[in-house]
Amino acid sequence: MDTLKKVKDLIEDIVAANRILAAENVVDAFGHVSARHPEKSDRYFITRAVAPELITAEDIMEITLDGEVLSGDTRKPYLERHIHGAIYEARPDVKSVVHSHSQSVIPYGVTDEKLRPVVHSCATIGCHIPVWDAQTTFGDTNMLIANMPMGQDFAKILGQNNAALMRGHGCTVIGRSVREAVYTAVCLEVNARLQMEASRFAPVKFLTEGEIKIICERLADAKPNEGYDRAWEYWCRHAGIEARYRTADSV
């Protein structure tokens, strides 16, 4: 597949991702999705600063890992784009990042209760979900990741995990594709809600590390239009948009 087609498909997925996350109540007026450039690992695509539900392909910007907007684009980028750049810098395996203020997740970032998978479909959130606290390194701030040093500090806490929470702020998840990142972002919200409900009947029996590994491997090995793609098609319908079917060489 040529580069132009890869970029076009990737932009289409970024637009759909924003619409899906809005429809599934993971993002509201705030939150953002990015995808690493398919041929240039030192840059990524993300939209200009606009509410996710309103995004179109024309809103996409190309940005370097350190946050510089390319192609002479003078539109306003997201202030917290450094979340994305710092993660791509630290994690060559990551192809997409979702940042949100997913409401059911917030309590787990401000208490000692650990967020862990309680249902098989949410295994992609991972065994360990760390909590980043801006206060630890930077003291009193507006709690937004507004520069690369903060982004890099957050990326260290994220480590090799699939998700991390931000105290009093929100959460960020990664994926090896846009569709995987969206799946994990939706499941983080779902799992947080289900875990909260299950905690009324404690003790809760969480998924084991072995179960999580097997489930994630099976999803990663799914054929095109199965696994993450099946959920994607379902969520596209919820969001009122047409799903793009993939072939084996698709982005």
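Figured I'd write up the structure that's included with this text. (Residues numbered from 1 in each chain as written. Predicted model: local features only at pLDDT ≥ 70, side-chain atom pairs only at ≥ 80, totals over all residues. Heavy atoms only, no water.)

**Considerations on the overall build of the chain**
Moving on, step 1. The secondary structure content of the chain amounts to eight helices and seven strands.
Moving on, step 2. For the chain, whose C-alpha radius of gyration is 17 Å, the value lies close to the compact-globule estimate of 18 Å for 251 residues.
Moving on, step 3. With respect to the three principal axes, the spread of C-alpha positions in the chain is 55 × 45 × 30 Å.
Moving on, step 4. Evaluated residue by residue, the chain yields a buried proportion of 49% over its 251 residues.
Moving on, step 5. Across the chain, contacts joining residues at least 24 apart in sequence account for 66% of those joining residues at least 6 apart.
Moving on, step 6. Charge centroids of the chain, computed over 29 positive and 35 negative side chains, lie 2 Å from each other. (Helix = DSSP H or I, 4+ residues; strand = E, 2+ residues; numbered from the N terminus. Rg over C-alpha atoms; globule rule 2.2 N^0.38 Å. Buried < 20%, exposed > 50% of the residue type's maximum accessible area, 1.4 Å probe, protein only. Contact = heavy atoms within 4.5 Å. Lys, Arg positive; Asp, Glu negative; His and termini not counted. Charge placed at Lys NZ, Arg CZ, Asp CG, Glu CD.)

**A look at the packing of helix H2 (residues 81–90) against helix H5 (residues 148–158)**
Moving on, step 1. At a minimum axis separation of 8 Å, H2 and H5 run at an interaxial angle of 55°. By the angle between their directions, the pair H2 and H5 is classed as oblique. Every pair of crossing elements has a handedness; the one defined by H2 and H5 is right-handed. Residues His82, Ile83, Gly85, Ala86, Ile87, Glu89 and Ala90 of H2 touch H5, and the partners they reach there are Met148, Gly151, Gln152, Phe154, Ala155 and Leu158. (Axes fitted to C-alpha atoms, helices over the stretch in contact; angles between N-to-C directions. Parallel < 35°, antiparallel > 145°, perpendicular 65-115°, else oblique. Left-handed = near helix turned anticlockwise from the far one by under 90°.)

**Points about the sheet that holds strand S1 (residues 32–36)**
Moving on, step 1. Ordered by their spatial adjacency, seven strands build an open sheet running S3-S2-S1-S4-S7-S6-S5, and the pairing between neighbours is mixed. Since the sheet does not close on itself, it has two edges, and those belong to strand S3 (60–64) and strand S5 (131–132), each with one partner.
Moving on, step 2. As judged from the four bridges shared by strand S6 (residues 163–166) and strand S7 (residues 170–175), these two strands associate in the antiparallel manner. When the sheet's bridge partners are listed, methionine 166 is paired in S7 with glycine 170. (Pairing = 2+ DSSP bridges.)

**Looking at the packing of helix H6 (residues 178–198) against helix H8 (residues 228–239)**
Moving on, step 1. At a closest axis distance of 9 Å, the pairing of H6 and H8 adopts a crossing angle of 70°. Viewed along their axes, H6 and H8 adopt a mutual orientation that is roughly perpendicular. Our pair here, H6 against H8, has a crossing hand that is left-handed. Here Val178, Arg179, Glu180, Val182, Tyr183 and Val186 of H6 come into contact with H8, specifically with Tyr228, Asp229, Ala231, Trp232 and Trp235.

**Describing the packing of aromatic side chains**
Moving on, step 1. All chains considered together, the criterion is met by four aromatic pairs.
Moving on, step 2. Residues tyrosine 44 and tyrosine 88 carry aromatic rings whose centres are separated by 5.4 Å and whose planes lie at 40° to one another, so their mutual orientation is tilted. Of the two residues, tyrosine 44 sits in strand S2 (residues 43–47) while tyrosine 88 sits in helix H2, which places them 44 residues apart along the sequence. Neither tyrosine 44 nor tyrosine 88 differs from the other in exposure class; each is buried. (Phe/Tyr/Trp six-rings, centres within 6.5 Å; stacked < 30°, edge-to-face > 60°.)

**Re the state of the cysteines**
Moving on, step 1. In this structure the tally under the stated criterion is zero disulfides.
Moving on, step 2. With no disulfide of its own, cysteine 127 lies closest to cysteine 216 among cysteine sulfurs, the gap being 7.6 Å.
Moving on, step 3. Cysteine cysteine 171 shares no disulfide, and the gap to the nearest cysteine sulfur, in cysteine 187, comes to 12 Å. (Disulfide = S-S within 2.5 Å.)

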